[in-house]
Structures are given as C-alpha cells and as structure tokens.
Amino acid sequence: GASISGGCVLAQDAHVTVRRSALLGCTALSSGGAIYASSGSVIELADAVTIAGSSASAHGGSLYLAQSSLAAREGVVIRDSSARGFGGCARVLDSHVVLSNDVTLHGCTTSGTTSSQGGAVYLSSSSSVTSSLEMHT
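(A) Quick peek at the pairing of strand β13 (residues 90–93). Looking at chain direction, strand β9 (residues 63–66) and β13 are connected through four bridges and run parallel. Bridge assignment links A66 to a residue of β13, and that residue is L93. When β13 meets strand β17 (residues 121–124), the two strands line up parallel, connected through four bridges. In the sheet register, V92 faces β17, and the bridge partner there is L123.

(B) How the structure looks around the state of the cysteines. Enumeration according to the criterion identifies two disulfides in this entry. Note on cysteine connectivity: C8 is disulfide-linked to C26, with sulfurs 1.7 Å apart. Around the S-S axis, the bridge from C8 to C26 shows a dihedral of about -70° and counts as left-handed. Of this pair, C8 sits in the segment before β1 (9–12) while C26 is found in the loop between β3 (22–24) and β4 (27–28), placing the two residues 18 residues apart along the sequence. Here C89 engages in a disulfide with C108; their sulfurs sit 1.6 Å apart. Here the residue C89 occupies a position in the loop between β12 (82–83) and β13, and C108 occupies one in the loop between β15 (103–106) and β16 (109–110), the gap between them amounting to 19 residues. The residues C89 and C108 share a single accessibility class, namely buried. If the cysteines joined by disulfides in the protein are listed in sequence order, their pairing comes out as 1-2, 3-4.

Definitions and cut-offs
Residues numbered from 1 in each chain as written. Predicted model: local features only at pLDDT ≥ 70, side-chain atom pairs only at ≥ 80, totals over all residues. Heavy atoms only, no water. Pairing = 2+ DSSP bridges. Helix = DSSP H or I, 4+ residues; strand = E, 2+ residues; numbered from the N terminus. Disulfide = S-S within 2.5 Å. Buried < 20%, exposed > 50% of the residue type's maximum accessible area, 1.4 Å probe, protein only.

If you want it as structure tokens, here you go:
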C-alpha cells in the first residue's frame, strides 16, 4: 500500500538511523516516497543502505526533507525513484544534506508536469533558512 507522506518512514522532530537495510518499493501519495522528514528531524543512512523503486505523487521520489538534516555515507544507494513534481531522488527544503563515502544516486526521474525539476535533487530555501548540499568522496 501507499502512505500519504513517507511511504516507509515518516519522521517529525525525530532522530532516525538506518543501517544495513533496504527500503524497497515505498510509495507516497504526496511527498517522500521512502522517507519524509520534517520539523528538525535528523536522518542518518549508513553502512550499506539501499532505497530502490520508490515513488511520490508530488515531490521527493525517495526523500523529502523540510527543515531537517540528512547524512548519507558508506555504501548508500538510492536508485530507480520517481516524483511527479520536484526531486526525482530528493526534495530538500530549508534543510542540510551531506553525502559522503560511496553514496550513489542513479535512475531518478521527474515527470508529470512541465514544471517538474531536479531529476536527482531539487534544493530550495525559504526567505529565512538556507538549504545546503555537501558532497564528499
């Protein structure tokens, strides 16, 4: 089945760590196909995590972050995800993302409207908060 937001994980003002796991085929009727994080949530993905085949009818095929942070490292693979709006792999709003040490984004797409943008990542900020994306090898 599908959830409204966060097809596998919905985090609001929470700390979530995912290690050595697979989130497969997660679906959201709105945003965050696999993971939806908001309100100061901290998401950590590490040690061979795979997120694959997830989709969102709105934004963030695999990940939707609003006023939250994400650290992905050490063999994280996000692949084959789609969104009809912004961010085939991830929609990042007023949030901070760090991708390091063997993180792969592959096969992420947006479709559905002429305003769909950010095949892999769509990053934006409100007037008071700055979003950021750091990538390290």
